[in-house]
Amino acid sequence: MTRVVIAGGGFAGLAAALFLARRGHVVTVVERDGAPPHGTAADDVDSWLHPGVPQARQSHALLGRARRVLVDEAPDVVASMLARGVREIPAVVGAGVLDEQMLLSRRLVAEAELRRIVAREHGIRFLDHDAVVGLLVSTAGIVPVVTGAVLKSGRRVDADLVVDAGGRRSALPEWFAQAGLCAPVEERQECGFFYLTRFYKVKPGCEIPLSKIPASVALDYATVFALGADNDTFSLTVTMSVNDPYRKALRDPNCFEAFLRAVAHSAPWIRVGTPISDISMMSRIENRRRRITTSDGPMVGGIVAIGDAALHTNPTLGRGISMGLMHAQHLAEVAHLAPDDPVGFVETFSAWTDDHLGVWYDTQVAADATSLDRLAAGILGERFEPTDTPASRFAAAAFLCASNDEVVGVAAARVAHLFAPPGKAFGDALVASRINEFLARGESLSRPPDVPNRKTFELLVTA
Ligand SMILES: Cc1cc2nc3c(=O)[nH]c(=O)nc-3n(C[C@H](O)[C@H](O)[C@H](O)COP(=O)(O)OP(=O)(O)OC[C@H]3O[C@@H](n4cnc5c(N)ncnc54)[C@H](O)[C@@H]3O)c2cc1C
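Definitions and limits used
- Residues numbered from 1 in each chain as written.
- Predicted model: local features only at pLDDT ≥ 70, side-chain atom pairs only at ≥ 80, totals over all residues.
- Heavy atoms only, no water.
- Helix = DSSP H or I, 4+ residues; strand = E, 2+ residues; numbered from the N terminus.
- Rg over C-alpha atoms; globule rule 2.2 N^0.38 Å.
- Buried < 20%, exposed > 50% of the residue type's maximum accessible area, 1.4 Å probe, protein only.
- Near = heavy atom within 4 Å.
- Polar contact = N/O pair within 3.5 Å; in protein donor to acceptor, adjacent residues only side chain to side chain.
- Areas by Shrake-Rupley, 256 points an atom, 1.4 Å probe, with all protein chains shown as cover.
- Nonpolar A, V, L, I, M, F, W, Y, C, P; charged D, E, K, R; others polar.
- Expected span 1.5 Å × (residues − 1).
- Arc of directions from axis to C-beta.
- Contact = heavy atoms within 4.5 Å.
- Axes fitted to C-alpha atoms, helices over the stretch in contact; angles between N-to-C directions.
- Parallel < 35°, antiparallel > 145°, perpendicular 65-115°, else oblique.
- Left-handed = near helix turned anticlockwise from the far one by under 90°.
- Phe/Tyr/Trp six-rings, centres within 6.5 Å; stacked < 30°, edge-to-face > 60°.
- Domains from an automatic or database assignment.
- Buried area = accessible area lost by both parts, 1.4 Å probe.
- Core = buried A, V, L, I, M, F, W, Y, C linked by side-chain atoms within 4.5 Å.
- Pairing = 2+ DSSP bridges.
- Salt bridge = Lys/Arg side-chain N within 4 Å of Asp/Glu carboxyl O.

Quick look at the overall build of the protein chain
Link 1 in the chain: Across its full length, the protein chain holds 17 helices and 22 strands.
Link 2 in the chain: Relative to the compact-globule value of 23 Å for 463 residues, the protein chain shows a C-alpha radius of gyration of 23 Å, a close match.
Link 3 in the chain: Dimensions of the protein chain, computed from C-alpha atoms along their principal axes, come out at roughly 65 × 50 × 40 Å.
Link 4 in the chain: Looking at the protein chain residue by residue over its 463 residues, the buried ones come to 55%.

Written out as structure tokens, the structure reads:
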């Protein structure tokens, strides 16, 4: 039995608490925000103040892998989400259909349901409206070891293992600095765009369009997302460059909707929806990874980070919750090893994180490397053409093939839903041969021209 303190009760922290408690560990969850209200799903969204999660009112979906972890660890959570109006749809990409499902929900509806189940679970203590502000550290050994957490309320909680699940705003570097520990090693990549999201309810008598993964279409100067959610709701999202001179115009509901009506991907959605929210903005989008192990070994024992606190990616591909739940599941599987060897535990946990989650971080960083250039060109009404390499041609062909070739479609779906990393799925001999045949036929790899083009977009948002 391991005594675990979890700093942060978002998706990763809540899931970790549940999975740990169901293996007999004793868990304290410290969460700076309060509990969701007792009421309807709409109340979860309208009345649950959750400022600790700045993206709470942005569009979210739980991809196949996130649902799979929940089904394997806590099927009651999925059942309870479905009873609350969360929708389950097949995990499909193009012509590829997996024997898996994904979940569509407003984030706060799904998270509130998870939280209610965690709060009822034996072996979990919740300390709400409090925060971890520092660490208790023993320096008796060669490597310092964290032995507990100091809370904002002044309380001290002893633990065999402290878990930072504080999300993208995790204060791990401050805790380390205060405790006199070396700073975690951090990589970050600014993505250079921001999100605008609005939620809608389907009008009576209308059908909600089919949600697809990928849920977006990329224009040169913006990306548009359409995604179903719980209880006949859906979200429409636009991402644009933080340098776009028209960025403020699009926050006006009339401009936002005029633009979405002009994009073929979102037009059928906007026709059937009545707005049920304001337009929420989220900026400062980045990819960030923090490590507390270097080539010399762990800087400290007795503490690990999971979910967004450890590594988070630009959410365009909706990977965050899946990664957080995979992390939580692994933590629960190995937590019994922490008390006897707190330093070795950090080392092996870090290695697992690099091996199993690092690939999703690395591929996102590579995909985003040219996104700033694409948007910069798009603002000028130009098209950015990435360098033509065999790898870029293969990737473009894989994307196009997936829409009507079942074998490639299944590989793409396994990647999109985080069941297999791209190198493994597309490196499969049959899949690769299908993509190479497509390339050999000399079919066009270029994207169709933007509709609306930049000029029309500018006219639309200034009209
Ligand atoms: C615009 C946008 C859209 C997204 N869309 C998707 C999507 O469609 N699908 C998907 O899978 N992912 C999506 N994500 C990513 C997803 O939101 C995150 O990956 C996920 O929430 C990470 O879970 P977490 O528990 O690590 O962090 P969070 O969910 O952010 O939770 C962190 C929690 O820690 C608490 N906290 C922080 N510090 C402390 C402290 N010191 N003490 C106590 N409590 C603390 C906070 O209050 C919060 O409750 C999106 C992200 C963004 C920005």
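Having seen the structure, we can now continue with the description.
What about the site of the ligand?
Link 1 in the chain: Taken together, 37 residues surround the ligand, and among them Glu-31, His-60, Arg-107, Asp-308 and Ile-321 come closest.
Link 2 in the chain: The separation between an oxygen atom of the ligand and a polar main-chain atom of Phe-11 is 3.2 Å.
Link 3 in the chain: Contact between the ligand and Asp-308: an oxygen atom at 2.7 Å from a side-chain N or O atom of the residue.
Link 4 in the chain: If the ligand stood free it would expose 1000 Å²; the protein chains cover 96% of that surface.
Link 5 in the chain: Where the shell around the ligand is concerned, the elements lending two or more residues are helix 1 (11–21), strand 2 (26–31) and helix 9 (320–334).
Link 6 in the chain: Residues of the shell around the ligand, tallied by class, amount to 13 nonpolar, 16 polar and eight charged.

Here we look at helix 13 (residues 390–402)
Link 1 in the chain: Across its 13 residues, helix 13 extends 18 Å between first and last C-alpha, which sits within 8% of the 18 Å expected from 1.5 Å per residue.
Link 2 in the chain: Residues of helix 13 that are buried: Ala-397, Ala-398, Cys-401 and Ala-402. For helix 13, the angular spread of the buried residues around the axis is 125°, confining them to a single face.
Link 3 in the chain: For helix 13, the elements touching its buried residues are strand 4 (87–93), strand 5 (96–104), helix 14 (406–416), helix 15 (422–427) and helix 16 (429–440).

Observations regarding the packing of helix 3 (residues 64–73) against helix 9
Relative placement of two packed helices is described by the angle separating their axes and the distance separating the axes.
Link 1 in the chain: Remark: helix 3 packs on helix 9, axes separated minimally by 8 Å, with the N-to-C direction vectors making an angle of 30°. Classed by the angle they form, the pair helix 3 and helix 9 counts as roughly parallel. In this structure, the crossing between helix 3 and helix 9 has a hand that is left-handed. When helix 3 is examined against helix 9, the residues Arg-65, Ala-66, Val-69, Leu-70, Asp-72 and Glu-73 are found in contact with a partner set consisting of Ile-321, Ser-322, Leu-325, Met-326 and Gln-329.

Concerning the packing of aromatic side chains
For any pair of aromatic rings, the description rests on two quantities: the centre-to-centre distance and the angle between the ring planes.
Link 1 in the chain: Taken as a whole, this structure holds nine aromatic pairs when the rule is applied.
Link 2 in the chain: Judged by centre distance (6.1 Å) and plane angle (50°), the ring pair of Phe-193 and Tyr-195 falls under tilted.
Link 3 in the chain: Between Tyr-195 and Phe-225, the aromatic rings sit 6.1 Å apart at their centres with planes inclined by 35°, giving tilted as the arrangement. Of this pair, Tyr-195 sits in strand 12 (residues 193–202) while Phe-225 sits in strand 14 (residues 222–228), placing them 30 residues apart in sequence. Across the pair, exposure class does not vary: Tyr-195 and Phe-225 are buried alike.
Link 4 in the chain: Clustering of aromatic rings is evident, with ring pairs tying together Tyr-221, Tyr-246, Phe-259 and Phe-457.

Points about the domain arrangement of the protein chain
As a measure of interface size, the accessible area lost when the parts come together is often cited.
Link 1 in the chain: Each domain of the protein chain was delimited in the assignment, giving domain 1 (3–93 + 106–188 + 285–364), domain 2 (191–284 + 455–462) and domain 3 (384–449).
Link 2 in the chain: Using only C-alpha atoms to locate each centre, domain 1 and domain 3 end up separated by 33 Å.
Link 3 in the chain: Counting from both sides, the interface comprises 14 residues of domain 1 and, opposite them, 12 residues of domain 3.
Link 4 in the chain: Together, the buried faces of domain 1 and domain 3 total about 1000 Å²; carbon and sulfur atoms form 75% of this surface.
Link 5 in the chain: Considering only the surface of domain 1 that becomes buried against domain 3, Arg-65, Val-93 and Trp-360 emerge as the three largest contributors, covering 54% of it.
Link 6 in the chain: For the interface between domain 1 and domain 3, the tally reads three residue pairs in polar contact (both at pLDDT 80 or more).

Remarks on the side chain of Glu-286
Link 1 in the chain: Tracing the backbone through its elements, the reader meets Glu-286 in strand 18 (residues 286–291).
Link 2 in the chain: Only 2.8 Å separates the side chain of Glu-286 from the side chain of Arg-188, close enough to count as a polar contact.

Some words on the nonpolar core
Link 1 in the chain: Counting residues in each nonpolar core, the largest one holds 107 residues, and the members touching the most others are Ile-6, Phe-19, Leu-20, Phe-176, Ile-303, Leu-331 and Phe-426.
Link 2 in the chain: Broken down by element, the residue count for this core peaks at 10 residues, all from helix 1.
Link 3 in the chain: In contact with Ile-303, other than residues within four places in its own chain, are Leu-135, Val-146, Leu-161, Val-162, Leu-172, Trp-175, Phe-176, Ile-292 and Val-346.
Link 4 in the chain: Membership of the second largest hydrophobic core comes to 26 residues, among which are Leu-196, Phe-234, Leu-236 and Val-263.

Digging into the sheet that holds strand 18
Link 1 in the chain: Read from one edge to the other, the open sheet built from three strands follows the order 11-18-22, with strand pairing classed as antiparallel. Lying at the two open borders of the sheet, with one neighbouring strand each, are strand 11 (185–190) and strand 22 (311–312).
Link 2 in the chain: One ladder, built from six bridges, connects strand 11 with strand 18; its direction is antiparallel. Paired with Val-185 across the strands is Arg-291, a residue of strand 18.
Link 3 in the chain: Helix 11 (residues 358–368) rests against strand 11, strand 18 and strand 22 of the sheet, and its axis sits at about 145° to strand 18.

Let's talk about the pattern of salt bridges
Oppositely charged side chains can pair when the atoms bearing their charge come close.
Link 1 in the chain: Inspection of the entire model under this criterion finds 35 salt bridges.
Link 2 in the chain: The partner of Glu-187 in a salt bridge is Arg-289, and the shortest N-O contact between them spans 3.1 Å. With Glu-187 in strand 11 and Arg-289 in strand 18, the pair connects residues that are 102 residues apart, well separated along the chain.
Link 3 in the chain: The shortest N-O distance in the salt bridge between Glu-187 and Arg-291 comes to 3.0 Å. You can see Glu-187 sitting in strand 11 and its partner Arg-291 sitting in strand 18, a full 104 residues away along the chain.
Link 4 in the chain: On the basis of relative accessibility, which here comes to 31%, the residue Glu-187 falls in the partly exposed class.
Link 5 in the chain: One salt-bridge network, in which partners are shared between bridges, spans Arg-67, Arg-68, Asp-72, Glu-88 and Glu-100.

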